[in-house]
Amino acid sequence: EYEPFKSLVIDWHNNSIGNSFDIDSVLSFAKARSIVHREQIPPKLKQVDYIIFDRNFYTSAVHQSNPLTLQEIVDINTKEGAIIPDKTFVLICNPEISSRRINERRDKIKKYNLPSMHESLDQLTRHYKLYLDLLDLYPQLNRIDCNQSEERVSFDIWRILKNEYY
């Protein structure tokens, strides 16, 4: 499932992690995502009322935005045929709080001893700023304040969904 996107991500993690994304890499990810969106998502929509992505091209825009801009990456993905979500939630959390939570989770589950390249305070701060820029560029995205409790975050998301769909 989710091929060819899944293999592309795994290959990138195994061979290119730490490298910036050039236009060819961004296009490869966008084309692979588009194939998944065109071929695998429509049949699933016939079986369920909702599909929830934990990542989408908006996240790619943040992680791939050097040297391309956020808008260029979003545009490439939509031009290639990625599905534009009906509703998008951008979970925003202060980088220091994010770092503390990541370290607490790592200590609790004892699975990963070292942070990933995206978990340094510098990277968390960079991505935080890019997500804020993304929200400015696309006002239809829903900002969710994740500096609060999990219960409050869930409530805020549910409130938006309830107002939109019920």
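Everything discussed here concerns the structure shown above.
Residues numbered from 1 in each chain as written. Predicted model: local features only at pLDDT ≥ 70, side-chain atom pairs only at ≥ 80, totals over all residues. Heavy atoms only, no water.

## Side note on the overall build of the protein chain
- Scanning the protein chain from terminus to terminus reveals eight helices and two strands.
- Secondary structure elements of the protein chain occur, N-terminal to C-terminal, as α-α-α-α-α-β-α-α-β-α.
- Against the globule reference of 15 Å for 166 residues, the protein chain gives a C-alpha radius of gyration of 17 Å, in line with a compact fold.
- Seen along its three principal axes, the alpha-carbon backbone of the protein chain occupies a region of about 45 × 40 × 30 Å.
- Looking at the protein chain residue by residue over its 166 residues, the buried ones come to 31%.
- Counting only contacts in the protein chain whose residues sit at least 6 apart along the sequence, the fraction spanning at least 24 positions is 70%.
- Within the structure as shown, the protein chain displays about 11000 Å² of accessible surface, and the carbon and sulfur contribution to it stands at 51%.
- Of the side chains in the protein chain, 22 bear a positive and 24 a negative charge, and the two mean positions are spaced by 4 Å. (Helix = DSSP H or I, 4+ residues; strand = E, 2+ residues; numbered from the N terminus. Rg over C-alpha atoms; globule rule 2.2 N^0.38 Å. Buried < 20%, exposed > 50% of the residue type's maximum accessible area, 1.4 Å probe, protein only. Contact = heavy atoms within 4.5 Å. Areas by Shrake-Rupley, 256 points an atom, 1.4 Å probe, with all protein chains shown as cover. Lys, Arg positive; Asp, Glu negative; His and termini not counted. Charge placed at Lys NZ, Arg CZ, Asp CG, Glu CD.)

## Quick look at the pairing of strand S2 (residues 142-145)
- Going residue by residue along S2, you find Asn 142 and Ile 144 tucked away on one face and Arg 143 and Asp 145 left uncovered on the opposite face.
- The pairing of strand S1 (residues 89-92) with S2 spans four bridges and is classified as parallel. Bridge pairing in S2 places Ile 92 opposite Asp 145. (Pairing = 2+ DSSP bridges.)

## With respect to the packing of aromatic side chains
- Under the counting rule described, the total for this entry stands at seven aromatic pairs.
- Measuring from ring centre to ring centre gives 4.6 Å for Phe 57 and Tyr 58, while their planes differ by 40°; the resulting arrangement is tilted. This pair shows no difference in class: Phe 57 is buried, exactly as Tyr 58 is.
- Following the ring pairs from residue to residue traces out a cluster consisting of Phe 5, Trp 12, Phe 21 and Phe 29. (Phe/Tyr/Trp six-rings, centres within 6.5 Å; stacked < 30°, edge-to-face > 60°.)

## Overview of the nonpolar core
- Counting residues in hydrophobic clusters, the biggest one holds 23 residues, and the most contacted among them are Tyr 58, Leu 134 and Leu 141.
- Contributing elements (two or more residues each) for this core: helix H2 (23-39), helix H4 (57-63), helix H5 (70-80), S1 and helix H7 (121-137).
- In this view, Leu 141 contacts Tyr 58, Thr 88, Val 90, Leu 134 and Leu 135; residues no more than four positions away in its chain are not counted.
- Residues Cys 93, Ile 144, Cys 146 and Ile 160 belong to the second largest nonpolar core, which totals five residues. (Core = buried A, V, L, I, M, F, W, Y, C linked by side-chain atoms within 4.5 Å.)

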